[in-house]
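Below are the chains, spelled out letter by letter.
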Amino acid sequence: MLNKISAIAAAALAFGAIAATPTQATQFANYFPVAGGATNISLTGLNLSAAAPVQFQYTFPGALASLGVLSANLSLSALETGALGFGPASLASFDGSFSITYSGPNQTIGTTSLTTGETLLDGTFLGSIFTGYGSTGTLQDSLLGGGFVNFNNNSLISFTPPGGDEGFTIGITDLTPPVSVVGGQLTNFSGVSDGNFAADNVLITSGGTPEPAAWAMMLIGVAGIGFVTRRRAKAALA
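The following paragraphs examine the structure supplied in this document. (Residues numbered from 1 in each chain as written. Predicted model: local features only at pLDDT ≥ 70, side-chain atom pairs only at ≥ 80, totals over all residues. Heavy atoms only, no water.)

## Observations concerning the overall build of the protein chain
Then, in step 1: The helix and strand tally for the protein chain stands at two helices and 16 strands.
Then, in step 2: For the protein chain, with 238 residues in total, the buried portion stands at 37%.
Then, in step 3: In the protein chain, 67% of the contacts between residues at least 6 apart in sequence involve partners at least 24 apart.
Then, in step 4: Here the protein chain has roughly 11700 Å² of accessible surface; of this, 62% comes from carbon and sulfur atoms. (Helix = DSSP H or I, 4+ residues; strand = E, 2+ residues; numbered from the N terminus. Buried < 20%, exposed > 50% of the residue type's maximum accessible area, 1.4 Å probe, protein only. Contact = heavy atoms within 4.5 Å. Areas by Shrake-Rupley, 256 points an atom, 1.4 Å probe, with all protein chains shown as cover.)

## What to know about the nonpolar core
Generally speaking, soluble globular proteins have nonpolar side chains that are buried together.
Then, in step 1: Within the largest apolar cluster, 45 residues are counted, with the highest numbers of intra-cluster contacts made by Phe28, Phe94, Leu120, Phe130 and Phe197.
Then, in step 2: Tallying contributions element by element places strand 4 (residues 70–86) first for this core, with six residues.
Then, in step 3: Once you skip the residues sitting within four places of it in the chain, Phe28 turns out to touch Gln57, Tyr58, Thr59, Phe60, Leu121, Phe151, Ile157, Phe159, Phe197, Ala198, Ala199 and Val202. (Core = buried A, V, L, I, M, F, W, Y, C linked by side-chain atoms within 4.5 Å.)

## Section: the packing of aromatic side chains
Then, in step 1: This model, assessed by the stated rule, comprises 11 aromatic pairs.
Then, in step 2: Ring centres of Phe56 and Tyr58 lie 4.9 Å apart, and the angle between their planes is 90°; this geometry places the pair in the edge-to-face category. Take Phe56 and Tyr58: they sit in the same class, and that class is buried.
Then, in step 3: Ring geometry for Phe94 against Phe130: centres 6.4 Å apart, planes inclined by 80°, an arrangement best described as edge-to-face. Taken together, the residues span a long stretch of sequence, with Phe94 in strand 5 (residues 89–102) and Phe130 in strand 8 (residues 119–133) at a distance of 36 residues.
Then, in step 4: Judged by relative accessible area, which is 0%, Phe94 ranks as buried. (Phe/Tyr/Trp six-rings, centres within 6.5 Å; stacked < 30°, edge-to-face > 60°.)

## A look at the environment of Gln140
Then, in step 1: Within the fold, Gln140 resides in strand 9 (residues 136–142).
Then, in step 2: A distance of 3.3 Å separates polar atoms of two side chains, one belonging to Gln140 and the other to Thr169. (Polar contact = N/O pair within 3.5 Å; in protein donor to acceptor, adjacent residues only side chain to side chain.)

Quick look at the structure:
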């Protein structure tokens, strides 16, 4: 436990620099609460959880961006691994996972087919840092920030090659009651969250139509095959 608290303390010292420096990765998706800003996330004991409808969209240029805003369900489960209070500010670390699934009707938009219940985005995280002050808070993690974030591939989007930066920021407002640290852990709260997701290794795979990066790789492969074929033909003639 002492090591975890020390890690949080170190993160607290570095937090200003991390938060002030935008991730180098490209934002490719976000979610936001349904109309009216209904409560969609809560902390009970050491368990941070969410199971609520949200609005989701892909923002990375390409076929998925044309889907627009999609009805979805957010599910998040995370365990608090330590917390510290710094005057009115609260700092904690979390390990967990999340998923966002499509909740609209089966439909095809352009070349992309959507099926009710299919995964739009999911992943896991370790060492995410929560920073809270009164009625607002932020849960943030990225590989460049020293944490661990892994987005999973699905039928719509993949993250390849591995090793690129991946990260997210979840903002939480209307914390009720205001958050604080008591007895070495955050006090219980409920709030309204929205999230942004970024990665620098995004590949859109929907609709069976490769995006520009995939086309480039295919063209390189075709050119290579043609080159080898021509060399073999010349060798045969010689």
